[in-house]
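Structure at a glance
Below, each chain spelled out in residue letters.
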Amino acid sequence: MSRALYTAAPPRTVWESINPLRMIGELSETRYWMYLLLLPSALLITAVVLYPTLYGFQMSFREMRLNRPDVGTDWVFFKHYIRMVNDPIFWLSLRNTAIWVTSSIALEFLIGLTAALALNRNLPGTKLLAVLILLPYFLPNVVAGHMWGLMLDPRLGVINDLLMRVGLLDGYKAWFADPKTAMAAAIIVESWHSFPFFTLLIMAGLKGIPADLYKAADIDGAGPLAQLRLITLPMLKTIIAAAVILRVIGLVNSPDLLLILTSGGPGRSTQVLSLYAFQMAYKDFNFGYAGALSVVMFVLLMGFAWIYVRLSKVNED
Amino acid sequence: MTTRFGRRSILQMGGGLLAASALLPRYAFAQAKTINYWHTFTSQSEQAGLDAVRALFTAAHPDITVIPENIPNPEFMAKITAAVVANTRPSVTMVSSERFQDLRAMGALTDITDRVSGWERRGDFDDSRFASITDDGKVYGVPAFTFVDWIYYRKDWFEEAGIAVPTTLAELHDAAVKLTDPAKGRYGFGLRGGPGGQNPVINMMEAFGSPVLHADGTIGLDRDKAIEGVTFYASLLKDGAAPPSAPNDGFRQIIEGFQTGQTAMIYHHTGSYQDIASKLKPGVEFGTMAIPAGPVTRVARLAYAYNTITKPEDADAAWEWIKFWGEPDAAVAFLEKTGYFPASTVAAQDQRIVGNPMYAAAAETLGFGIPQPSFPGAAGWAESTVLPAFQRVLIGDATPEQAVDEMIAGLAEASQ
């Protein structure tokens, strides 16, 4: 038997030398196999991410107004960026974006963490509650937006009716028509819709924390709040950092909920950068300026992610 | 007797069937064609109107199948722009007059001048009906129906308060104030300050003497007159005659406010007639009036919805569909389901229309109504500049002077 192992392999037939399965098998033994496996994803990413991103970058340096073919599509270099510096709507949108993203994520994180901690107790009925809590996240933004638009409707909305019945309101309140309440109302809707994202990730993280740590903390006399501060949150740091970055990217980039609820109004009080870029592209057809706005959003997001990762020190683990 | 099939006979039969199958489908389906139709109809009545026209069309043209695709108004320009850029255009697209210049400029529309010239029903349409879809002598669409601006008012409330139907904007303001009673949850005027509210603002400025597009084709606003128009229109909210929700109220909110007895008047067009008549009794609980005159001129828009060919490959079947909307039976069927007025002057004389007193205000408006100002960038300027600037006045964030300055600057930029 063992001698047979050392005998020379018989010469390959013609079929064996061109058999694709055999060739793939041999290739899988080489270091090129990894590149071959990555090739489809790389091609896909190039086609749907890299090319559009680079195209968007170059568009921001050109004149590109779809409804004005007479002005051409020449290179204008930094014209759109210079305009942006002097555009009060851009600065207002930037400020509103900061409020919209920071407040929404803070609220989503708080509600999501609370829900995850409660569901992690494994009390009776928590599995059913977990499904119910996750339901809002399954709703598309458009459905959630229209649903809340009706619930907060000043005339027909159930929220106004309930608040009036319990005596918190004297008359109906037009939440989205008042600049003092429009952004706050939109943030509440967004938080309701997306807090399950935090719940889901934090619950997964909680399952990975060893129970021994909590037992030891109990013996040392640490209360629930101390355990949360000294064990739970530090152990969830990586998950929280990833969740926050993903939500920031999602919130900065998607204007759909605000588009449905307020269209940026009243009087631009809920105008955010993504909505402004969308309106520039599809209402004014100025794709050059919209491209420049998108590039600024891209750079801001990259900068945020880099600073956030460094500050949260997740890599030090 | 037993029939026996040999190999030869089976081969012969197969050959015969193959030859027949090559001929039969060509005969049966040579003329069959499917076209898709992008439209912005959303309400039940509009859908019913479209179904009625399709049913008549299918009876007349069984060889052509029309597949309608609803594109909600707020998303329309984004979708059609993407379709044009990606060359995935629909066969036929409904285009409102204020969008024409933008779509023509981006090359979305097909020149159908020759088809329209040779059309047997061309004489049924006044030349003015084609003005908003013609550029440089080329015609790009066929008018399907007309948006006639008018005002719905609570006839019973007016009679109860002894108020005459307003004929001027000043009278309208007075009536709105008198009919307001917050204790009863009643407001005189359902002001549309949210999505879609830009057009009445432009109309008010023009009624006070500041048209956007001048007779010589130049574009610009008369600052002082525009300020008067904006001040007047915003005063309806400032004086408490409009609901506090006005800065965010769009189509749904103003229609529901009127249907549910919260507002006495709303400014809209004939297209919402059937929706309102489904909740309130025509001629008893509500009436219709022509837009009252402003201090300088009377402005009511006659905006046309056009059907255009956006995919030249489907032009022949598409042409059959778009010209069918000009048939009197189709136009009246659509009117009966929706309230949208026919664009054809012949169809507008139909007894089912002239015999209905509720349409008298629309018929009157056909005599003095004017088209929307149309130039490349007009729709974007109205939506992205005029509306937010006016909203800022409504919420007290800007004075009418500041709002008009913003509109003038935005207009200069849009028309650069």
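Residues numbered from 1 in each chain as written. Chains lettered and ligands numbered in written order. Predicted model: local features only at pLDDT ≥ 70, side-chain atom pairs only at ≥ 80, totals over all residues. Heavy atoms only, no water.

Each helix and strand counted, chain A has 16 helices and zero strands in total. For a compact globule of 317 residues, the expected C-alpha radius of gyration is about 20 Å, and chain A comes in at 27 Å, more than 25% above that figure. Across the 317 residues that make up chain A, the buried fraction comes to 39%. Long-range contacts, defined here as pairs at least 24 residues apart, represent 64% of the contacts in chain A between residues at least 6 apart. For chain A, the computed accessible surface area is about 18,500 Å², with 71% contributed by carbon and sulfur atoms. Of the charged side chains in chain A, 25 are positive and 20 negative, and the gap between their average positions amounts to 2 Å. (Helix = DSSP H or I, 4+ residues; strand = E, 2+ residues; numbered from the N terminus. Rg over C-alpha atoms; globule rule 2.2 N^0.38 Å. Buried < 20%, exposed > 50% of the residue type's maximum accessible area, 1.4 Å probe, protein only. Contact = heavy atoms within 4.5 Å. Areas by Shrake-Rupley, 256 points an atom, 1.4 Å probe, with all protein chains shown as cover. Lys, Arg positive; Asp, Glu negative; His and termini not counted. Charge placed at Lys NZ, Arg CZ, Asp CG, Glu CD.)

Moving on to the overall build of chain B. Per the secondary structure count, chain B includes 19 helices and 10 strands. Once the C-alpha set of chain B is aligned to its principal axes, its extents read approximately 100 × 50 × 35 Å. Residue burial in chain B is summarised as follows: out of 416 residues, 56% are buried. Intrachain contacts of chain B at a sequence separation of at least 6 include 77% that bridge at least 24 residues. On chain B, roughly 17,200 Å² of surface is accessible, and the fraction owed to carbon and sulfur atoms is 53%.

Our focus in this paragraph is the pairing of strand β7 (residues 265–269) of chain B. Residues and elements named next belong to chain B. In terms of burial, β7 is largely enclosed, as five of its five residues are buried. The side-chain alternation of β7 yields two buried faces, one formed by Met265, Tyr267 and His269 and the other by Ile266 and His268. Relative to β7, strand β6 (residues 141–154) runs antiparallel, the two being bridged by five bridges. Bridge assignment links Trp150 to a residue of β7, and that residue is His268. (Pairing = 2+ DSSP bridges.)

Moving on, we get to the packing of aromatic side chains. Residue and element names in this part refer to chain B. One pass over the structure, following the stated rule, counts 46 aromatic pairs over all chains. Ring geometry for Phe145 against Phe334: centres 5.0 Å apart, planes inclined by 40°, an arrangement best described as tilted. Of this pair, Phe145 sits in strand β6 while Phe334 sits in helix α14 (residues 328–338), and the two are 189 residues apart along the sequence. On the basis of relative accessible area, Phe145 is assigned to the buried category, the value being 1%. Considering the side-chain rings of Trp150 and Tyr152, the 5.4 Å spacing of their centres and the 75° angle between planes classify their relative orientation as edge-to-face. The residues Trp150 and Tyr152 share a single accessibility class, namely buried. An aromatic cluster is present here, built from Tyr37, Phe41, Phe57, Phe145, Phe147, Trp321, Phe324, Trp325, Phe334 and Tyr340 joined pairwise through their rings. Seen from the ring of Trp157, Arg186 lies directly overhead, with NZ or CZ sitting 3.9 Å from the centre. Over the ring of Phe368 we find Arg298; its NZ or CZ atom is 4.3 Å from the centre of that ring. (Phe/Tyr/Trp six-rings, centres within 6.5 Å; stacked < 30°, edge-to-face > 60°. Lys NZ or Arg CZ within 6 Å of the ring centre and 35° of its normal.)

The next subject is the packing of helix α6 (residues 88–119) of chain A against helix α10 (residues 179–207) of chain A. Each pair of packed helices can be described by the angle between their axes along with the distance between the axes. Residue and element names in this part refer to chain A. One can describe the packing of α6 onto α10 by two numbers: an axis separation of 6 Å at closest approach and a directional angle of 45°. In terms of orientation, α6 lies oblique with respect to α10. The handedness of the crossing between α6 and α10 is right-handed. (Axes fitted to C-alpha atoms, helices over the stretch in contact; angles between N-to-C directions. Parallel < 35°, antiparallel > 145°, perpendicular 65-115°, else oblique. Left-handed = near helix turned anticlockwise from the far one by under 90°.)

Here we come to the domain arrangement of chain B. Residue and element names in this part refer to chain B. Domain assignment breaks chain B into domain 1 (33–147 + 303–368) and domain 2 (148–301 + 373–414). Placing a centre on the C-alpha atoms of domain 1 and another on those of domain 2 gives a separation of 26 Å. With 24 residues of domain 1 at the interface, the matching set in domain 2 holds 27 residues. Each partner contributes to the roughly 2,100 Å² buried at the junction of domain 1 and domain 2, and carbon and sulfur atoms together form 59% of this total. It is Phe147, Met358 and Phe368 in domain 1 that bury the most area against domain 2; as a group they hold 30% of the surface buried on that side. Here domain 1 and domain 2 share one salt bridge between them. (Domains from an automatic or database assignment. Buried area = accessible area lost by both parts, 1.4 Å probe. Salt bridge = Lys/Arg side-chain N within 4 Å of Asp/Glu carboxyl O.)

A few words on the nonpolar core. B:Tyr37, B:Leu103, B:Phe145, B:Trp321 and B:Trp325 are the most contacted members of the largest nonpolar core, which totals 73 residues. Per-domain counts for this core show at least three residues from each of domain 1 (33–147 + 303–368) and domain 2 (148–301 + 373–414) of chain B. Those residues in contact with B:Tyr37, other than ones at most four positions away along the chain, are B:Leu50, B:Val66, B:Ile67, B:Pro68, B:Glu69, B:Val92, B:Met94, B:Asn307, B:Trp321 and B:Trp325. Among the nonpolar cores identified, the runner-up in size contains 57 residues, and A:Val189, A:Val244, A:Ala292 and A:Val296 belong to it. (Core = buried A, V, L, I, M, F, W, Y, C linked by side-chain atoms within 4.5 Å.)

All names here are of chain A. Together, Leu27, Tyr32, Met34, Tyr35, Leu36, Leu38, Leu39 and Leu43 make up an exposed nonpolar region whose accessible area comes to about 800 Å². With six residues, helix α4 (residues 33–59) is the single largest residue contributor to the nonpolar patch. Mapped onto the elements, Leu36 comes out in helix α4. (Patch = residues over 30% accessible without salt bridge, like charges linked within 9 Å, V, L, I, M, F, W, Y side chains within 5 Å.)

Turning next to the interface of chain B and chain A. Tallying the contact residues gives 38 residues for chain B and 30 residues for chain A. Considering only the side of chain B, the residues that lose the most area to chain A are B:Asn248, B:Ser384 and B:Ile395, jointly responsible for 17% of the buried surface there. Between chain B and chain A we count five salt bridges in total. For A:Lys283, the salt bridge is made with B:Glu383, and the minimal N-O distance between the two is 3.0 Å. Where chain B packs against chain A, one counts 13 residue pairs in polar contact (both at pLDDT 80 or more). Those elements giving two or more residues to the side of chain B that touches chain A turn out to be α3 (73–86), α4 (97–105), α11 (251–259), α18 (378–394) and α19 (400–414) of chain B. For the side of chain B that touches chain A, the element with the most residues is α18(B), which contributes eight residues. In the side of chain B that touches chain A, the residues fall into 16 nonpolar, 13 polar and nine charged. (Polar contact = N/O pair within 3.5 Å; in protein donor to acceptor, adjacent residues only side chain to side chain. Nonpolar A, V, L, I, M, F, W, Y, C, P; charged D, E, K, R; others polar.)

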